[in-house]
Each structure stands twice: as C-alpha cells, then as structure tokens.
Amino acid sequence: MNKKIIFFFLAIITVVSSSSAQRQISLNDIISLARNQSPFAKQAETQRENRYWGYRFFKSNYNPQLRIDGSIPGYAKAFEDVTQPDGNIQFQSVNQIRSRLNLGLEQPLPWTGGLISVNSNLFYFDVLGDDIDNQLWRGSPFTIELDQPLFAFNELKWDKKTEPLRYEESKREYV
C-alpha cells in the first residue's frame, strides 16, 4: 500500500515538474504584457469603447427613423342618453369598435432643429347593433409634415458642435 502511495506522488511530481517548464520572456514582452493587462489599460479600453458607442448613438440622432404605431381593435360599450320626440330621455346601449394604424418616416433637420416627416394613417370605427351597422373607414395615404419650433433650443445643432470633438479626442488619446 505504501509503495502505491509513493509511486502515485512521484507520478504527480513528474507531471507537474514537466508541465511547469520555464519559458524565456524578453523585456519588450514584459513591457507589452504590463501595458495590455494593467488596470489603466483596461480602463482606457473601456472608456474608448463607451465613447465609441456614445458616438454611434449621437450619429443615430441624425438618421431617418421609421415609426409605426397604432391600437388593436378596442371594444367599448356605453349607455348614452337619447332624447325622444316627446321630450323624454331614454338611455340606449351603444357598442363600438375602434382601431388605428400610423406609419411614418421622420428626418430631423439639424440646422433648424425641426423635423420633417412623411406619414400614412388608417382609422376604423364600427357601431354595432341590431338595426344599425355603421362601418367607417378614414385614412390618409400620404401626408408631409414639418414640425418647426420657433423659439426653442436647437439641441441637435449644439450636440453637433460638441460630441464629435469628444470622440475624436478619445481616438487620439488611446490609440
């Protein structure tokens, strides 16, 4: 039993000593390892990556954006007062279904702070009942809108003056 334990320990020592062979590293390798693995290098790399994504977000503010919104068919039941020919008021049940869909393409205008958009919309309204069946459709296949604030702060113009400089400085600083 003792011989087996001694043989086992000798085998482990042999495997460990052969796997931990020394390798030679030059001074330039040590400097590059220290430069790449230091906390300051990791911090600089993280800061550069954060600034890169901040810059991408900044640039996305100037790209056209596709907008789609709407509401699924909604059902509403209400009791409305209806004046009868003799002057009495009678409450009647009204059942309605409504839905809408809007689609638009928006482009910010950085030199004025406005927004130009091309839109299309569709609206559906239906009054349900035994004797009434009113289906109403309303839509605009194509509209152009310009939203221009007159006395508002132009945030896009100000961002354009400050943001690219910060990103360009970060590229020079960490390269």
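Before reading on, note that the structure itself is shown above.
For clarity, every value in this text was computed on a predicted model and none was experimentally measured.

Rules used in this analysis
- Residues numbered from 1 in each chain as written.
- Predicted model: local features only at pLDDT ≥ 70, side-chain atom pairs only at ≥ 80, totals over all residues.
- Heavy atoms only, no water.
- Helix = DSSP H or I, 4+ residues; strand = E, 2+ residues; numbered from the N terminus.
- Buried < 20%, exposed > 50% of the residue type's maximum accessible area, 1.4 Å probe, protein only.
- Contact = heavy atoms within 4.5 Å.
- Areas by Shrake-Rupley, 256 points an atom, 1.4 Å probe, with all protein chains shown as cover.
- Pairing = 2+ DSSP bridges.
- Axes fitted to C-alpha atoms, helices over the stretch in contact; angles between N-to-C directions.
- Patch = residues over 30% accessible without salt bridge, like charges linked within 9 Å, V, L, I, M, F, W, Y side chains within 5 Å.
- Salt bridge = Lys/Arg side-chain N within 4 Å of Asp/Glu carboxyl O.
- Phe/Tyr/Trp six-rings, centres within 6.5 Å; stacked < 30°, edge-to-face > 60°.
- Parallel < 35°, antiparallel > 145°, perpendicular 65-115°, else oblique.
- Nonpolar A, V, L, I, M, F, W, Y, C, P; charged D, E, K, R; others polar.

A.B. asks: Give me the overall build of the protein: which residues, what numbers.
C.D. replies: Per the secondary structure count, the protein includes four helices and four strands. Each helix and strand of the protein, ordered N terminal to C terminal, gives the series α-α-α-β-β-β-β-α. Expressed as a percentage of the 175 residues in the protein, the buried residues total 14%. Taking contacts inside the protein between residues at least 6 apart in sequence as the whole, the part at least 24 apart equals 55%. Accessible surface, the protein as shown: approximately 14900 Å² in total, 59% of it carbon and sulfur.

A.B. asks: Account for the pairing of strand 2 (residues 89-109), naming residues and giving values.
C.D. replies: As paired strands, strand 1 (residues 65-83) and strand 2 are joined by 17 bridges and run antiparallel to one another. Note that in strand 2 the partner of glycine 70 across the bridge is leucine 101. Where strand 1 folds back onto strand 2 in an antiparallel hairpin, the turn is made up of five residues, including glycine 87, whose phi is positive at roughly 100 degrees. Taken together, strand 2 and the strand that follows it, strand 3 (residues 114-128), pair antiparallel across an intervening segment of four residues, in which glycine 113 is found at a positive phi of about 85 degrees.

A.B. asks: Before we move on, could you go through the sheet that holds strand 1 and cite the residues and values that matter?
C.D. replies: Read across the open sheet, the four strands follow the order 1-2-3-4; overall the sheet is antiparallel. With one partner strand each, in any of the chains shown, strand 1 and strand 4 (134-147) form the two edges of the open sheet. Taking the axes of each pair of neighbouring strands and ignoring which way they run, one obtains an average angle of 15 degrees across the sheet.

A.B. asks: Summarise a nonpolar patch on the surface; cite the residues concerned and give the values.
C.D. replies: There is a patch of nonpolar side chains on the surface, built from Leu66, Ile68, Leu101, Leu103, Leu105, Ile116, Val118, Leu122, Trp137, Phe142, Ile144 and Leu146 and spanning about 1200 Å² of accessible area. Those elements that place two or more of their residues in the nonpolar patch are strand 1, strand 2, strand 3 and strand 4. A per-element tally of the nonpolar patch places strand 4 first, with four residues. By secondary structure assignment, the location of leucine 122 is in strand 3.

A.B. asks: So what's going on with the packing of aromatic side chains? Residues and values would help.
C.D. replies: This model, assessed by the stated rule, comprises four aromatic pairs. On the numbers, 5.9 Å between centres and 35 degrees between planes, the contact of tyrosine 55 with phenylalanine 58 is tilted. Of this pair, tyrosine 55 and phenylalanine 58 both sit in helix 3 (residues 39-60), three residues apart, which is roughly one turn of that helix. Accessibility classification places tyrosine 55 together with phenylalanine 58 in one group, the buried group. The interplanar angle of 50 degrees and the centroid separation of 4.5 Å between the aromatic rings of tyrosine 124 and tryptophan 137 together place this pair among those described as tilted. You can see tyrosine 124 sitting in strand 3 and its partner tryptophan 137 sitting in strand 4, a full 13 residues away along the chain. Among the aromatic residues, those joined into a cluster by ring pairs are Tyr55, Phe58 and Tyr62.

A.B. asks: Which residues make up the packing of helix 2 (residues 27-37) against helix 3, and what values go with them?
C.D. replies: Packing of helix 2 against helix 3 brings their axes to within 5 Å, and their N-to-C directions diverge by 50 degrees. One element, helix 2, and the other, helix 3, form an angle in the oblique class. From helix 2, Arg35, Asn36 and Gln37 reach across to helix 3, where they touch Pro39, Ala41 and Lys42. Counted by class, the contact of helix 2 with helix 3 contains two nonpolar, two polar and two charged residues.

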